[in-house]
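# Descriptive analysis of the structure
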Amino acid sequence: MKTTFPLAGRRTAVIGAGVVGLATAYALARRGARVHLIDRSTGPAMGTSFANGAQLSYAYTDAMAGPAVWKQLPGLLFGNDRCFRARNSLDLDYFRWGLSFLRNATAGRNRRNTLDVLALAQASREEMDALLERHPIQFEHRVAGKLHVYYSAEAFHTARAMVELKQAHGVRQWLVSPEEAMGIEPALAGATGMAGAVYSPEEAVGDPWRFATGLLEILRRDYAVEASFNRRVTALRRDGQHWQVHSAQRTVQTFDQVVVCTGIDAARLLRPLGIRVPVMAVKGYSFTAPCGSRAPTTSITDTSRKLVFARLGSSIRVAGLAEVNEWDTTPEAARVRDLVDLARASLPQAADYDQVASHWAGLRPVTPTSAPVIRAASPGLALNLGHGMLGWTLAMGSAERVAAVLHHAR
Ligand SMILES: Cc1cc2nc3c(=O)[nH]c(=O)nc-3n(C[C@H](O)[C@H](O)[C@H](O)COP(=O)(O)OP(=O)(O)OC[C@H]3O[C@@H](n4cnc5c(N)ncnc54)[C@H](O)[C@@H]3O)c2cc1C
(Lines give C-alpha, C1' and ligand atoms only; values in the text may rest on other atoms or scores of the structure.)
Protein backbone atom coordinates (compact mmCIF):
# COMPACT_ATOMS: atom_id res chain seq x y z
CA MET A 1 0.00 0.00 0.00
CA LYS A 2 1.24 3.48 -0.83
CA THR A 3 0.25 5.17 2.47
CA THR A 4 -2.46 3.86 4.70
CA PHE A 5 -3.41 7.05 6.49
CA PRO A 6 -5.81 8.87 6.21
CA LEU A 7 -7.69 7.25 3.30
CA ALA A 8 -7.49 3.69 4.67
CA GLY A 9 -10.88 2.05 4.98
CA ARG A 10 -12.75 5.05 3.54
CA ARG A 11 -15.74 3.90 1.50
CA THR A 12 -15.16 5.65 -1.80
CA ALA A 13 -17.33 5.79 -4.91
CA VAL A 14 -15.50 6.49 -8.16
CA ILE A 15 -18.11 7.40 -10.74
CA GLY A 16 -17.04 6.72 -14.31
CA ALA A 17 -14.88 3.78 -15.43
CA GLY A 18 -13.02 5.41 -18.32
CA VAL A 19 -9.24 5.57 -18.18
CA VAL A 20 -9.44 8.41 -15.66
CA GLY A 21 -11.84 6.62 -13.29
CA LEU A 22 -9.86 3.37 -13.45
CA ALA A 23 -6.59 5.15 -12.71
CA THR A 24 -8.31 7.00 -9.85
CA ALA A 25 -9.64 3.74 -8.40
CA TYR A 26 -6.10 2.37 -8.52
CA ALA A 27 -4.51 5.38 -6.78
CA LEU A 28 -7.13 5.33 -4.01
CA ALA A 29 -7.18 1.55 -3.51
CA ARG A 30 -3.38 1.57 -3.18
CA ARG A 31 -3.83 3.99 -0.30
CA GLY A 32 -6.17 1.54 1.40
CA ALA A 33 -9.53 3.08 0.45
CA ARG A 34 -12.46 0.71 -0.14
CA VAL A 35 -13.29 1.61 -3.70
CA HIS A 36 -16.52 1.04 -5.59
CA LEU A 37 -16.32 1.89 -9.29
CA ILE A 38 -19.68 2.71 -10.91
CA ASP A 39 -20.42 3.16 -14.62
CA ARG A 40 -23.56 3.28 -16.74
CA SER A 41 -21.95 1.32 -19.60
CA THR A 42 -21.67 -2.43 -20.03
CA GLY A 43 -17.96 -2.46 -19.17
CA PRO A 44 -14.88 -0.28 -18.70
CA ALA A 45 -13.73 2.39 -21.19
CA MET A 46 -16.85 2.36 -23.35
CA GLY A 47 -16.98 6.19 -23.54
CA THR A 48 -14.28 8.54 -24.87
CA SER A 49 -11.55 6.16 -23.75
CA PHE A 50 -12.68 3.35 -26.08
CA ALA A 51 -10.83 3.78 -29.41
CA ASN A 52 -8.91 7.02 -29.11
CA GLY A 53 -5.70 7.84 -30.96
CA ALA A 54 -3.73 5.30 -28.87
CA GLN A 55 -1.02 7.84 -28.05
CA LEU A 56 0.71 8.27 -24.72
CA SER A 57 1.89 11.70 -25.70
CA TYR A 58 3.97 12.70 -22.68
CA ALA A 59 6.10 15.30 -24.50
CA TYR A 60 3.64 16.85 -26.90
CA THR A 61 1.34 18.60 -24.44
CA ASP A 62 0.77 21.80 -26.41
CA ALA A 63 -2.44 23.49 -25.26
CA MET A 64 -5.25 23.65 -27.81
CA ALA A 65 -5.83 27.40 -27.36
CA GLY A 66 -2.92 29.34 -28.82
CA PRO A 67 -2.20 32.17 -31.25
CA ALA A 68 -2.77 29.84 -34.26
CA VAL A 69 -6.47 29.66 -33.32
CA TRP A 70 -7.04 33.28 -34.43
CA LYS A 71 -6.11 32.40 -38.00
CA GLN A 72 -8.32 29.31 -37.87
CA LEU A 73 -11.28 31.17 -36.39
CA PRO A 74 -13.19 32.00 -39.62
CA GLY A 75 -12.93 28.38 -40.85
CA LEU A 76 -13.87 27.16 -37.38
CA LEU A 77 -16.95 29.33 -37.02
CA PHE A 78 -18.22 29.06 -40.60
CA GLY A 79 -17.63 25.31 -40.77
CA ASN A 80 -15.49 25.34 -43.91
CA ASP A 81 -12.49 23.68 -42.29
CA ARG A 82 -12.88 19.91 -42.67
CA CYS A 83 -10.56 19.13 -39.76
CA PHE A 84 -11.51 21.72 -37.12
CA ARG A 85 -15.02 23.19 -36.96
CA ALA A 86 -17.60 24.33 -34.43
CA ARG A 87 -21.37 23.95 -34.18
CA ASN A 88 -22.46 27.45 -33.25
CA SER A 89 -25.34 27.93 -30.86
CA LEU A 90 -26.88 30.61 -28.70
CA ASP A 91 -26.36 28.50 -25.62
CA LEU A 92 -24.83 30.54 -22.78
CA ASP A 93 -22.42 27.77 -21.75
CA TYR A 94 -21.05 27.56 -25.30
CA PHE A 95 -20.57 31.31 -25.40
CA ARG A 96 -18.91 31.39 -21.97
CA TRP A 97 -16.59 28.49 -22.82
CA GLY A 98 -15.70 30.05 -26.20
CA LEU A 99 -14.75 33.37 -24.62
CA SER A 100 -12.65 31.67 -22.00
CA PHE A 101 -10.97 29.52 -24.67
CA LEU A 102 -10.10 32.62 -26.72
CA ARG A 103 -8.75 34.36 -23.63
CA ASN A 104 -6.28 31.47 -23.40
CA ALA A 105 -5.22 31.84 -27.02
CA THR A 106 -2.36 34.26 -26.32
CA ALA A 107 1.27 33.22 -26.66
CA GLY A 108 1.88 33.71 -22.92
CA ARG A 109 -1.09 31.67 -21.74
CA ASN A 110 -0.43 29.01 -24.36
CA ARG A 111 3.10 28.56 -22.97
CA ARG A 112 1.91 28.49 -19.37
CA ASN A 113 -0.91 26.02 -20.08
CA THR A 114 1.41 23.78 -22.10
CA LEU A 115 3.89 23.64 -19.22
CA ASP A 116 1.14 22.93 -16.66
CA VAL A 117 -0.04 19.95 -18.69
CA LEU A 118 3.57 18.91 -19.33
CA ALA A 119 4.22 18.61 -15.57
CA LEU A 120 1.15 16.39 -15.24
CA ALA A 121 2.20 14.31 -18.25
CA GLN A 122 5.68 13.77 -16.83
CA ALA A 123 4.20 12.60 -13.53
CA SER A 124 1.85 10.34 -15.51
CA ARG A 125 4.69 8.66 -17.32
CA GLU A 126 6.39 7.85 -14.01
CA GLU A 127 3.16 6.46 -12.57
CA MET A 128 2.44 4.43 -15.71
CA ASP A 129 5.96 2.92 -15.65
CA ALA A 130 5.57 2.06 -11.95
CA LEU A 131 2.15 0.49 -12.56
CA LEU A 132 3.47 -1.67 -15.41
CA GLU A 133 6.46 -2.77 -13.36
CA ARG A 134 4.16 -3.87 -10.55
CA HIS A 135 1.44 -5.29 -12.78
CA PRO A 136 2.36 -6.10 -16.37
CA ILE A 137 -0.70 -5.43 -18.58
CA GLN A 138 -0.81 -6.57 -22.20
CA PHE A 139 -2.08 -3.68 -24.34
CA GLU A 140 0.35 -3.42 -27.28
CA HIS A 141 2.32 -0.91 -25.22
CA ARG A 142 5.46 0.26 -27.01
CA VAL A 143 7.80 3.26 -26.88
CA ALA A 144 7.34 4.04 -30.55
CA GLY A 145 8.67 7.61 -30.67
CA LYS A 146 6.66 10.26 -32.44
CA LEU A 147 7.13 12.56 -35.42
CA HIS A 148 4.99 15.69 -35.77
CA VAL A 149 5.16 16.44 -39.45
CA TYR A 150 4.82 20.03 -40.69
CA TYR A 151 3.84 20.94 -44.23
CA SER A 152 4.05 24.71 -43.81
CA ALA A 153 7.44 26.37 -43.36
CA GLU A 154 5.82 29.06 -41.19
CA ALA A 155 4.20 26.57 -38.81
CA PHE A 156 7.45 24.59 -38.62
CA HIS A 157 9.33 27.75 -37.74
CA THR A 158 6.78 28.55 -34.99
CA ALA A 159 7.15 25.04 -33.58
CA ARG A 160 10.78 25.76 -32.71
CA ALA A 161 9.94 28.10 -29.80
CA MET A 162 7.67 25.53 -28.17
CA VAL A 163 10.25 22.78 -28.59
CA GLU A 164 12.91 24.94 -26.95
CA LEU A 165 10.54 25.80 -24.10
CA LYS A 166 9.86 22.13 -23.40
CA GLN A 167 13.50 21.12 -23.80
CA ALA A 168 14.27 23.54 -20.94
CA HIS A 169 11.86 21.45 -18.84
CA GLY A 170 13.62 18.16 -19.49
CA VAL A 171 11.72 17.00 -22.56
CA ARG A 172 13.62 15.03 -25.22
CA GLN A 173 12.28 16.58 -28.41
CA TRP A 174 13.98 18.27 -31.37
CA LEU A 175 13.47 19.52 -34.93
CA VAL A 176 14.46 17.34 -37.87
CA SER A 177 14.65 17.97 -41.61
CA PRO A 178 12.41 16.02 -44.02
CA GLU A 179 15.39 13.76 -44.90
CA GLU A 180 16.11 13.10 -41.21
CA ALA A 181 12.42 12.39 -40.59
CA MET A 182 12.43 9.84 -43.42
CA GLY A 183 15.58 8.30 -41.95
CA ILE A 184 13.75 7.81 -38.64
CA GLU A 185 10.54 6.61 -40.28
CA PRO A 186 10.93 5.33 -43.87
CA ALA A 187 7.12 5.25 -44.27
CA LEU A 188 7.28 9.06 -44.55
CA ALA A 189 8.67 8.62 -48.04
CA GLY A 190 4.98 8.48 -48.97
CA ALA A 191 4.37 12.00 -47.57
CA THR A 192 4.70 14.86 -50.03
CA GLY A 193 5.61 18.48 -49.30
CA MET A 194 7.10 18.12 -45.80
CA ALA A 195 8.72 21.25 -44.34
CA GLY A 196 10.20 19.35 -41.38
CA ALA A 197 9.19 17.47 -38.26
CA VAL A 198 9.46 17.52 -34.49
CA TYR A 199 10.83 14.24 -33.15
CA SER A 200 9.99 13.01 -29.64
CA PRO A 201 11.72 9.64 -29.19
CA GLU A 202 10.12 8.76 -25.84
CA GLU A 203 6.45 8.90 -26.81
CA ALA A 204 4.52 5.64 -26.46
CA VAL A 205 1.47 3.94 -27.97
CA GLY A 206 -0.96 1.27 -26.84
CA ASP A 207 -4.58 0.17 -26.98
CA PRO A 208 -6.55 2.18 -24.39
CA TRP A 209 -9.44 -0.30 -24.18
CA ARG A 210 -7.13 -3.24 -23.54
CA PHE A 211 -5.28 -1.14 -20.95
CA ALA A 212 -8.58 -0.39 -19.22
CA THR A 213 -9.82 -3.98 -19.16
CA GLY A 214 -6.43 -5.18 -17.89
CA LEU A 215 -6.35 -2.57 -15.15
CA LEU A 216 -9.90 -3.42 -14.05
CA GLU A 217 -8.94 -7.08 -13.68
CA ILE A 218 -6.03 -6.08 -11.42
CA LEU A 219 -8.21 -3.74 -9.39
CA ARG A 220 -10.72 -6.50 -8.73
CA ARG A 221 -8.18 -9.24 -8.09
CA ASP A 222 -5.46 -7.46 -6.09
CA TYR A 223 -7.17 -4.43 -4.56
CA ALA A 224 -10.69 -5.70 -3.78
CA VAL A 225 -12.21 -2.94 -5.89
CA GLU A 226 -15.92 -3.56 -6.54
CA ALA A 227 -17.21 -2.57 -9.96
CA SER A 228 -20.85 -2.07 -10.95
CA PHE A 229 -21.69 -1.62 -14.63
CA ASN A 230 -25.04 -0.82 -16.26
CA ARG A 231 -25.60 1.57 -13.37
CA ARG A 232 -26.28 5.19 -14.28
CA VAL A 233 -25.84 7.61 -11.40
CA THR A 234 -28.71 10.09 -11.37
CA ALA A 235 -27.92 12.19 -8.30
CA LEU A 236 -25.39 12.82 -5.56
CA ARG A 237 -26.78 13.96 -2.24
CA ARG A 238 -25.00 15.01 0.94
CA ASP A 239 -26.27 13.17 4.00
CA GLY A 240 -24.56 14.43 7.16
CA GLN A 241 -20.93 13.27 6.95
CA HIS A 242 -21.67 10.99 4.02
CA TRP A 243 -22.66 11.03 0.34
CA GLN A 244 -25.61 9.18 -1.12
CA VAL A 245 -25.21 7.92 -4.67
CA HIS A 246 -28.58 7.48 -6.39
CA SER A 247 -28.86 5.41 -9.53
CA ALA A 248 -31.41 4.96 -12.32
CA GLN A 249 -32.09 1.47 -10.92
CA ARG A 250 -33.38 3.20 -7.76
CA THR A 251 -30.48 1.97 -5.65
CA VAL A 252 -29.07 4.35 -3.07
CA GLN A 253 -25.60 3.66 -1.70
CA THR A 254 -23.79 5.57 1.02
CA PHE A 255 -20.10 6.49 0.84
CA ASP A 256 -17.61 8.50 2.88
CA GLN A 257 -16.30 10.17 -0.27
CA VAL A 258 -17.04 10.38 -3.98
CA VAL A 259 -14.81 11.14 -6.96
CA VAL A 260 -16.56 12.22 -10.15
CA CYS A 261 -14.71 10.96 -13.27
CA THR A 262 -17.58 11.16 -15.73
CA GLY A 263 -15.65 13.05 -18.43
CA ILE A 264 -17.96 14.79 -20.84
CA ASP A 265 -21.08 14.07 -18.78
CA ALA A 266 -19.96 15.75 -15.58
CA ALA A 267 -22.20 18.82 -15.79
CA ARG A 268 -25.44 16.84 -15.53
CA LEU A 269 -24.45 15.38 -12.14
CA LEU A 270 -22.76 18.46 -10.74
CA ARG A 271 -25.12 21.27 -11.75
CA PRO A 272 -27.82 20.35 -9.19
CA LEU A 273 -25.11 20.72 -6.52
CA GLY A 274 -24.31 24.22 -7.77
CA ILE A 275 -20.94 23.10 -9.17
CA ARG A 276 -19.96 24.34 -12.63
CA VAL A 277 -17.22 22.78 -14.73
CA PRO A 278 -15.94 24.40 -17.94
CA VAL A 279 -16.00 21.28 -20.11
CA MET A 280 -16.85 21.39 -23.83
CA ALA A 281 -17.40 18.43 -26.15
CA VAL A 282 -14.98 18.29 -29.07
CA LYS A 283 -16.07 15.35 -31.16
CA GLY A 284 -13.41 13.28 -32.90
CA TYR A 285 -13.25 10.11 -34.96
CA SER A 286 -10.97 7.13 -35.34
CA PHE A 287 -10.72 4.07 -37.53
CA THR A 288 -8.59 0.96 -37.37
CA ALA A 289 -7.38 -0.80 -40.51
CA PRO A 290 -4.83 -3.48 -41.39
CA CYS A 291 -1.28 -2.21 -41.97
CA GLY A 292 -0.56 -1.21 -45.56
CA SER A 293 2.57 -1.92 -47.60
CA ARG A 294 4.36 1.07 -46.03
CA ALA A 295 3.03 1.20 -42.47
CA PRO A 296 4.88 3.43 -40.01
CA THR A 297 6.22 1.98 -36.76
CA THR A 298 6.89 5.46 -35.33
CA SER A 299 3.75 7.43 -34.37
CA ILE A 300 3.01 10.14 -36.89
CA THR A 301 1.04 13.34 -36.41
CA ASP A 302 0.13 15.21 -39.58
CA THR A 303 -0.15 18.73 -38.18
CA SER A 304 -1.91 20.23 -41.21
CA ARG A 305 -4.59 17.53 -41.52
CA LYS A 306 -4.65 17.14 -37.73
CA LEU A 307 -4.35 13.35 -37.82
CA VAL A 308 -2.48 10.81 -35.75
CA PHE A 309 -1.31 7.38 -36.92
CA ALA A 310 -0.39 4.70 -34.38
CA ARG A 311 0.62 1.14 -35.11
CA LEU A 312 -1.03 -1.42 -32.86
CA GLY A 313 0.32 -4.88 -33.75
CA SER A 314 -0.68 -5.59 -37.34
CA SER A 315 -3.18 -2.69 -37.45
CA ILE A 316 -3.03 1.07 -37.82
CA ARG A 317 -5.22 3.32 -35.68
CA VAL A 318 -5.90 6.74 -37.24
CA ALA A 319 -7.65 9.48 -35.23
CA GLY A 320 -8.57 13.04 -36.04
CA LEU A 321 -11.28 15.67 -36.74
CA ALA A 322 -12.31 18.16 -34.10
CA GLU A 323 -15.93 19.38 -33.90
CA VAL A 324 -16.44 21.83 -31.07
CA ASN A 325 -19.86 21.72 -29.35
CA GLU A 326 -20.95 18.40 -30.92
CA TRP A 327 -22.50 16.31 -28.13
CA ASP A 328 -23.74 13.26 -30.03
CA THR A 329 -21.40 10.27 -30.14
CA THR A 330 -22.98 8.72 -33.25
CA PRO A 331 -20.35 8.45 -36.00
CA GLU A 332 -21.55 10.15 -39.20
CA ALA A 333 -20.71 8.17 -42.33
CA ALA A 334 -19.61 11.29 -44.26
CA ARG A 335 -17.16 12.25 -41.52
CA VAL A 336 -15.72 8.73 -41.35
CA ARG A 337 -15.14 9.04 -45.11
CA ASP A 338 -13.49 12.45 -44.55
CA LEU A 339 -11.10 10.91 -42.04
CA VAL A 340 -10.21 8.00 -44.33
CA ASP A 341 -9.65 10.42 -47.26
CA LEU A 342 -7.44 12.69 -45.16
CA ALA A 343 -5.37 9.72 -43.96
CA ARG A 344 -5.02 8.37 -47.49
CA ALA A 345 -3.84 11.80 -48.71
CA SER A 346 -1.38 12.03 -45.83
CA LEU A 347 0.22 8.56 -45.95
CA PRO A 348 -1.22 6.67 -48.94
CA GLN A 349 0.32 3.29 -48.10
CA ALA A 350 0.22 3.37 -44.31
CA ALA A 351 -2.96 1.30 -44.07
CA ASP A 352 -5.18 -0.81 -46.25
CA TYR A 353 -7.82 1.91 -46.48
CA ASP A 354 -10.25 -0.33 -48.38
CA GLN A 355 -10.39 -2.74 -45.43
CA VAL A 356 -11.27 -0.44 -42.51
CA ALA A 357 -12.06 -2.92 -39.74
CA SER A 358 -13.86 -0.54 -37.38
CA HIS A 359 -14.64 3.12 -36.93
CA TRP A 360 -15.70 5.13 -33.92
CA ALA A 361 -16.53 8.64 -32.65
CA GLY A 362 -15.94 10.06 -29.17
CA LEU A 363 -16.30 13.36 -27.33
CA ARG A 364 -13.12 14.91 -25.95
CA PRO A 365 -13.92 16.72 -22.67
CA VAL A 366 -11.98 19.94 -23.27
CA THR A 367 -11.41 22.84 -20.86
CA PRO A 368 -10.38 26.34 -22.05
CA THR A 369 -6.83 25.82 -20.70
CA SER A 370 -6.51 22.16 -21.83
CA ALA A 371 -5.70 21.27 -18.20
CA PRO A 372 -8.10 18.92 -16.38
CA VAL A 373 -10.25 19.94 -13.43
CA ILE A 374 -8.78 18.16 -10.39
CA ARG A 375 -10.03 19.59 -7.13
CA ALA A 376 -12.18 19.24 -4.08
CA ALA A 377 -15.68 20.49 -4.89
CA SER A 378 -17.34 20.03 -1.50
CA PRO A 379 -16.43 18.10 1.69
CA GLY A 380 -15.92 14.48 0.63
CA LEU A 381 -16.52 15.25 -3.05
CA ALA A 382 -13.65 15.55 -5.55
CA LEU A 383 -13.50 16.05 -9.31
CA ASN A 384 -11.12 14.47 -11.81
CA LEU A 385 -12.39 15.34 -15.30
CA GLY A 386 -11.95 17.49 -18.40
CA HIS A 387 -8.81 15.80 -19.78
CA GLY A 388 -9.45 16.91 -23.35
CA MET A 389 -7.19 15.67 -26.13
CA LEU A 390 -4.84 13.80 -23.77
CA GLY A 391 -6.93 11.98 -21.18
CA TRP A 392 -5.19 8.65 -21.43
CA THR A 393 -1.75 10.29 -21.35
CA LEU A 394 -2.70 12.25 -18.23
CA ALA A 395 -4.78 9.63 -16.39
CA MET A 396 -2.17 8.13 -14.07
CA GLY A 397 -0.76 11.47 -12.88
CA SER A 398 -4.25 12.94 -12.47
CA ALA A 399 -5.21 10.01 -10.28
CA GLU A 400 -2.29 10.73 -7.95
CA ARG A 401 -3.32 14.38 -7.80
CA VAL A 402 -6.92 13.66 -6.89
CA ALA A 403 -5.76 11.14 -4.27
CA ALA A 404 -3.60 13.90 -2.77
CA VAL A 405 -6.63 16.25 -2.79
CA LEU A 406 -8.68 13.74 -0.77
CA HIS A 407 -5.74 12.98 1.50
CA HIS A 408 -5.26 16.64 2.43
CA ALA A 409 -8.99 17.24 2.77
CA ARG A 410 -9.10 14.74 5.67
C1 LIG B 1 -10.80 10.91 -31.57
C2 LIG B 1 -10.11 11.00 -30.24
C3 LIG B 1 -8.74 10.71 -30.17
C4 LIG B 1 -8.07 10.81 -28.95
N5 LIG B 1 -6.76 10.45 -28.89
C6 LIG B 1 -6.10 10.44 -27.69
C7 LIG B 1 -4.76 9.96 -27.62
O8 LIG B 1 -4.20 9.52 -28.60
N9 LIG B 1 -4.16 10.01 -26.40
C10 LIG B 1 -4.77 10.49 -25.29
O11 LIG B 1 -4.16 10.54 -24.23
N12 LIG B 1 -6.06 10.92 -25.33
C13 LIG B 1 -6.74 10.90 -26.51
N14 LIG B 1 -8.04 11.32 -26.58
C15 LIG B 1 -8.67 11.85 -25.38
C16 LIG B 1 -9.02 10.77 -24.40
O17 LIG B 1 -9.62 9.67 -25.07
C18 LIG B 1 -9.98 11.34 -23.33
O19 LIG B 1 -9.44 12.51 -22.77
C20 LIG B 1 -10.19 10.31 -22.23
O21 LIG B 1 -10.71 9.13 -22.76
C22 LIG B 1 -11.14 10.84 -21.15
O23 LIG B 1 -11.28 9.81 -20.22
P24 LIG B 1 -12.39 9.85 -19.09
O25 LIG B 1 -12.21 8.63 -18.27
O26 LIG B 1 -12.35 11.18 -18.43
O27 LIG B 1 -13.75 9.83 -19.90
P28 LIG B 1 -14.59 8.59 -20.46
O29 LIG B 1 -13.72 7.58 -21.07
O30 LIG B 1 -15.67 9.16 -21.31
O31 LIG B 1 -15.19 7.96 -19.15
C32 LIG B 1 -16.27 8.54 -18.46
C33 LIG B 1 -17.15 7.40 -18.00
O34 LIG B 1 -18.17 7.93 -17.18
C35 LIG B 1 -19.34 7.17 -17.40
N36 LIG B 1 -20.49 7.99 -16.98
C37 LIG B 1 -20.83 9.23 -17.41
N38 LIG B 1 -21.92 9.67 -16.75
C39 LIG B 1 -22.25 8.69 -15.89
C40 LIG B 1 -23.31 8.56 -14.92
N41 LIG B 1 -24.22 9.53 -14.72
N42 LIG B 1 -23.38 7.41 -14.20
C43 LIG B 1 -22.46 6.42 -14.37
N44 LIG B 1 -21.46 6.50 -15.28
C45 LIG B 1 -21.35 7.61 -16.01
C46 LIG B 1 -19.31 6.88 -18.89
O47 LIG B 1 -20.08 5.74 -19.21
C48 LIG B 1 -17.83 6.68 -19.15
O49 LIG B 1 -17.46 5.32 -19.11
C50 LIG B 1 -8.75 11.22 -27.78
C51 LIG B 1 -10.13 11.47 -27.84
C52 LIG B 1 -10.80 11.35 -29.06
C53 LIG B 1 -12.27 11.58 -29.12
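Residues numbered from 1 in each chain as written. Predicted model: local features only at pLDDT ≥ 70, side-chain atom pairs only at ≥ 80, totals over all residues. Heavy atoms only, no water.

In this section: the environment of Arg 220. Relative to the helices and strands, Arg 220 is located in helix α7 (residues 208–223). Residue class for Arg 220 comes out partly exposed when judged on its relative accessible area of 42%. A C-alpha to C-alpha distance of 16 Å links Arg 220 and Val 20, two positions 200 residues apart in sequence. With sequence-adjacent residues up to four places away left out, Arg 220 is seen in contact with Val 225, Ala 227 and Phe 229. (Helix = DSSP H or I, 4+ residues; strand = E, 2+ residues; numbered from the N terminus. Buried < 20%, exposed > 50% of the residue type's maximum accessible area, 1.4 Å probe, protein only. Contact = heavy atoms within 4.5 Å.)

Looking now at the layout of surface pockets. The volume enclosed by the second largest pocket comes to roughly 560 Å³. Lining the second largest pocket are 26 residues, with Asp 93, Ala 267, Arg 271, Val 277 and Val 279 positioned closest to its centre. Residue assignment for the lining of the second largest pocket shows that the elements contributing at least two residues are α3 (92–103) and α8 (266–270). With 6 residues, the top contributor of residues to the lining of the second largest pocket is α3. (1 Å grid on protein atoms, 1.4 Å probe; cavity = no way out; pocket = protein on both sides within 12 Å on 5 of 7 lines; lining within 4 Å. Points joined across faces, edges and corners; volume = space filled by probe spheres on them.)

This paragraph deals with the sheet that holds strand β9 (residues 226–228). Overall, mixed pairing links the 6 strands, which are arranged β9-β2-β1-β13-β20-β19 in an open sheet. Each end of this open sheet is capped by a strand with a single partner; those strands are β9 and β19 (373–378). Averaged over all pairs of adjacent strands, the angle between strand axes in this sheet comes to 20°, irrespective of strand direction. As defined by bridge partners, β19 adjoins strand β20 (residues 381–385) across 5 bridges and the pair is classed as antiparallel. Its bridge partner lying in β20, Arg 375 is registered against Leu 383. (Pairing = 2+ DSSP bridges. Axes fitted to C-alpha atoms, helices over the stretch in contact; angles between N-to-C directions.)

We now examine the sheet that holds strand β12 (residues 252–255). Hydrogen bonding along the main chain pairs the strands of a sheet, whether they run parallel or antiparallel. Pairing within the open sheet is antiparallel, and its 3 strands lie in the order β10-β11-β12. Across the chains shown, the open sheet's two edge strands, defined by having one partner strand only, are β10 (233–239) and β12. Sheet twist, expressed as the average angle between the axes of neighbouring strands with direction ignored, equals 25°. Examined bridge by bridge, strand β11 (residues 242–247) and β12 share 4 bridges and lie antiparallel to one another. Residue pairing for β12: Trp 243 is matched across the bridge by Phe 255.

Attention shifts here to the side chain of His 387. Mapped onto the fold, His 387 is located in the loop between β20 and α10 (391–409). Residue classification places His 387 among the buried residues on the basis of a relative accessible area of 4%. Of the polar contacts made by the side chain of His 387, one reaches the side chain of Ser 398; its length is 3.0 Å. Ignoring anything within four residues of it in the chain, the contact list for His 387 reads Val 20, Pro 365, Pro 372, Leu 394 and Ser 398. (Polar contact = N/O pair within 3.5 Å; in protein donor to acceptor, adjacent residues only side chain to side chain.)

Among the 5 residues that make up strand β7 (residues 196–200), 5 are buried, leaving the element largely enclosed by the rest of the structure. The side-chain alternation of β7 yields two buried faces, one formed by Gly 196, Val 198 and Ser 200 and the other by Ala 197 and Tyr 199. The sheet contact formed by strand β5 (residues 146–150) and β7 spans 5 bridges and is antiparallel. Its bridge partner lying in β7, Tyr 150 is registered against Gly 196.

In this section: the site of the ligand. The full set close to the ligand counts 36 residues, and Asp 39, Ser 49, Gln 55, Gly 388 and Thr 393 are the nearest of them. Protein coverage of the free-state accessible area of the ligand, which is 1,000 Å², stands at 96%. The set of elements that each furnish at least two residues to the shell around the ligand consists of α1 (19–30), β14 (280–290), β18 (358–366) and α10. Here the residues of the shell around the ligand sort into 13 nonpolar, 17 polar and 6 charged. (Near = heavy atom within 4 Å. Areas by Shrake-Rupley, 256 points an atom, 1.4 Å probe, with all protein chains shown as cover. Nonpolar A, V, L, I, M, F, W, Y, C, P; charged D, E, K, R; others polar.)

Now for a nonpolar patch on the surface. Taken together, Leu 92, Phe 95 and Leu 99 make up a surface patch of nonpolar side chains, about 320 Å² in accessible area. Structurally, Phe 95 can be placed in helix α3. (Patch = residues over 30% accessible without salt bridge, like charges linked within 9 Å, V, L, I, M, F, W, Y side chains within 5 Å. Salt bridge = Lys/Arg side-chain N within 4 Å of Asp/Glu carboxyl O.)

In this approach a probe as big as a water molecule rolls over the atoms, and the regions it shows empty are the leftover space. Scanning all chains against the criterion turns up 1 cavity of 30 Å³ or more. By volume, the largest cavity is sized at about 30 Å³. If you go around the largest cavity, the residues you meet are Ala 187, Gly 190, Arg 294, Leu 347, Pro 348, Gln 349 and Ala 350. In terms of residue class, the lining of the largest cavity is made up of 4 nonpolar, 2 polar and 1 charged.

Before going further, it helps to spend a moment on the side chain of Ser 346. By the secondary structure assignment, Ser 346 is in helix α9 (residues 333–346). At a separation of 2.7 Å, a polar atom in the side chain of Ser 346 contacts the side chain of Asp 302.

In this structure, Leu 28, Leu 37, Met 128, Leu 131 and Phe 211 are the most contacted members of the largest nonpolar core, which totals 50 residues. If you list the elements that add at least two residues to this core, you get α1, β2 (34–38), α4 (107–134), α7 and α10. The leading source of residues in this core is α1, at 9 residues. Ignoring any residue separated from it by four or fewer positions in sequence, one finds Phe 211 in contact with Val 19, Met 128, Leu 131, Ile 137, Phe 139, Trp 392 and Met 396. Listed in part, the 31 residues of the second largest apolar core include Val 149, Ala 181, Phe 287 and Ala 343. (Core = buried A, V, L, I, M, F, W, Y, C linked by side-chain atoms within 4.5 Å.)

Here Asp 129 lies in helix α4. For the pair formed by Asp 129 and Met 396, sequence separation is 267 residues and the distance between their alpha carbons is 9.8 Å.

This paragraph deals with the pattern of salt bridges. As enumerated under the stated definition, the model contains 18 salt bridges in all. For Glu 202, the salt bridge goes to Arg 172, with nearest N and O atoms at 3.3 Å. Taken as a pair, Glu 202 in the loop between β7 and β8 (204–205) and Arg 172 in the loop between α5 (153–167) and β6 (174–176) lie far apart in primary sequence, 30 residues in all. Residue classification places Arg 172 among the partly exposed residues on the basis of a relative accessible area of 44%.

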